[in-house]
Amino acid sequence: MEANCFWLNRSLTPSSLHWKLIKSKPHHAYVVAMLRRSSSDDITEEARRINNAYNDNLFDRLAINHLSKSVQAATGVSNNKSGYESLVEAATVAKQKFNPIQQQQVVIEALDRAFPKPILSLIKTLLPPSKFSREYFAAFTTLFFAWLVGPSEVRESEVNGRREKNVVYIRKCRFLEETNCVGMCINLCKMPSQSFIKDSLGVPVNMVPNFDDMSCEMIFGQDPPSTDDPALKQPCYKLCKAYKEHGTNCLN
């Protein structure tokens, strides 16, 4: 940053077009710093680099390892990493090895491996689409999936003209901040998760990522856009770990 310092007299009026050097007694003088700010894009990119610190407990580590092994089995490529790093590595392999449609299929297969179908079928039977089921899934996600997506909270939205607590607001998505890749967010999280949840639990969900601050909303009971989804038009980050070139759309 550059600073230009000027001695200013108290009698300087706001109508002045710029700060002028005015002679005055020392005890009437002030020093004003003119700072040159970085661009908003640079500030946003720098904020994205600051990752949350996670202290995964035993349940978290077991869940992360289980999902990571499921993704590795679906891709056919194993890794020797541990913790969340292992999950990110497995997802990165899927990104590099398969096209977008195949990536989504790989994740759906991994989720099928990770969650027993009989249990999902039972939940789907016991909790048909309703206000209760939408609010139940939102609360359940907030309580039991922080290890995957990071801290979240339940929020309200309007469904059929009435308010429901059917939205999961993820403050900063753990998967997105670890991968730092828009394409991986879309093809290895958003799209396959929407399909899996609707097919397995019978409840539509629309995942709406905010690529400026890495937050996300999961809106249970809302169908995602069939066409013209704004998320699909997002260019990747400068710091994308999969594609280094700024402005490259890494959805392909």
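Look up: the structure comes first, before these words.
The shown structure was predicted, so the numbers you read here are calculated from the model rather than taken from an experiment. (Residues numbered from 1 in each chain as written. Predicted model: local features only at pLDDT ≥ 70, side-chain atom pairs only at ≥ 80, totals over all residues. Heavy atoms only, no water.)

Enquirer: I would appreciate a short explanation of the pattern of salt bridges in the present structure.
Expert: Scanning the model with the defined rule gives 13 salt bridges in all. Between Lys81 and Glu85 there is a salt bridge, with the nearest N and O atoms lying 3.5 Å from each other. Classification of Lys81 as partly exposed rests on a relative accessible area of 35%. Across the pair Glu109 and Arg113 runs a salt bridge, and its minimum N-O distance is 3.1 Å. (Salt bridge = Lys/Arg side-chain N within 4 Å of Asp/Glu carboxyl O. Buried < 20%, exposed > 50% of the residue type's maximum accessible area, 1.4 Å probe, protein only.)

Enquirer: Would you explain the packing of aromatic side chains in this entry?
Expert: For the coordinates displayed, the defined rule picks out nine aromatic pairs. Relative to Phe196, the ring of Phe115 lies with its centre 6.1 Å away and its plane at 40°, an arrangement referred to as tilted. Taken as a pair, Phe115 in the loop between helix H4 (100-114) and helix H5 (117-126) and Phe196 in helix H9 (residues 182-201) lie far apart in primary sequence, 81 residues in all. Under the relative-accessibility criterion, Phe115 is labelled partly exposed at 27%. Taking the relative accessible area as the measure of exposure, Phe196 reaches 8% and is therefore buried. These aromatic residues form a ring-pair network of at least three members: Phe115, Phe132, Tyr136, Phe137, Phe140, Phe144, Phe145, Trp147, Phe196 and Phe220. Positioned over the ring face of Tyr169 is Arg155, at 3.7 Å from the centre of the ring. Taking NZ or CZ as reference, Arg174 lies 4.0 Å from the ring centre of Tyr54, over its face. (Phe/Tyr/Trp six-rings, centres within 6.5 Å; stacked < 30°, edge-to-face > 60°. Helix = DSSP H or I, 4+ residues; strand = E, 2+ residues; numbered from the N terminus. Lys NZ or Arg CZ within 6 Å of the ring centre and 35° of its normal.)

Enquirer: What should I look at first to understand helix H6 (residues 131-144) in this one?
Expert: Because an α-helix packs 3.6 residues into every turn, residues spaced three or four apart end up facing the same way. Its 14 residues give H6 an end-to-end C-alpha distance of 20 Å, which sits within 8% of 20 Å, the value for a rise of 1.5 Å per residue. What H6 keeps buried is the set Ser133, Arg134, Phe137, Ala138, Thr141 and Thr142. The arc enclosing the buried residues of H6, seen along the axis, measures out at 170°, which places them on a common side. Among the exposed residues of H6, those oriented more than 90 degrees off its buried face are Phe132 and Leu143. Each element contacted by the buried residues of H6 is listed here: H5, helix H7 (146-149), strand S3 (152-159), strand S4 (162-170), H9 and strand S6 (215-220). (Expected span 1.5 Å × (residues − 1). Arc of directions from axis to C-beta. Contact = heavy atoms within 4.5 Å.)

Enquirer: Is there a simple way to think about the packing of helix H2 (residues 58-75) against H4 in this case?
Expert: Packed helix pairs are characterised by how far apart their axes lie and by the angle those axes make with each other. Two numbers describe how H2 lies on H4: the axes approach to 8 Å, and their chain directions differ by 130°. One finds that H2 runs oblique with respect to H4. Here H2 and H4 pass one another in a crossing that is right-handed. Packed against H2, whose contacting residues are His66, Leu67, Ser70, Val71, Ala73, Ala74 and Thr75, the element H4 presents Val106, Glu109, Ala110, Leu111, Arg113 and Ala114 at the interface. Here the contact of H2 with H4 is built from residues that sort into eight nonpolar, three polar and two charged. (Axes fitted to C-alpha atoms, helices over the stretch in contact; angles between N-to-C directions. Parallel < 35°, antiparallel > 145°, perpendicular 65-115°, else oblique. Left-handed = near helix turned anticlockwise from the far one by under 90°. Nonpolar A, V, L, I, M, F, W, Y, C, P; charged D, E, K, R; others polar.)

Function cannot be inferred from these measures alone, as they are strictly geometric.
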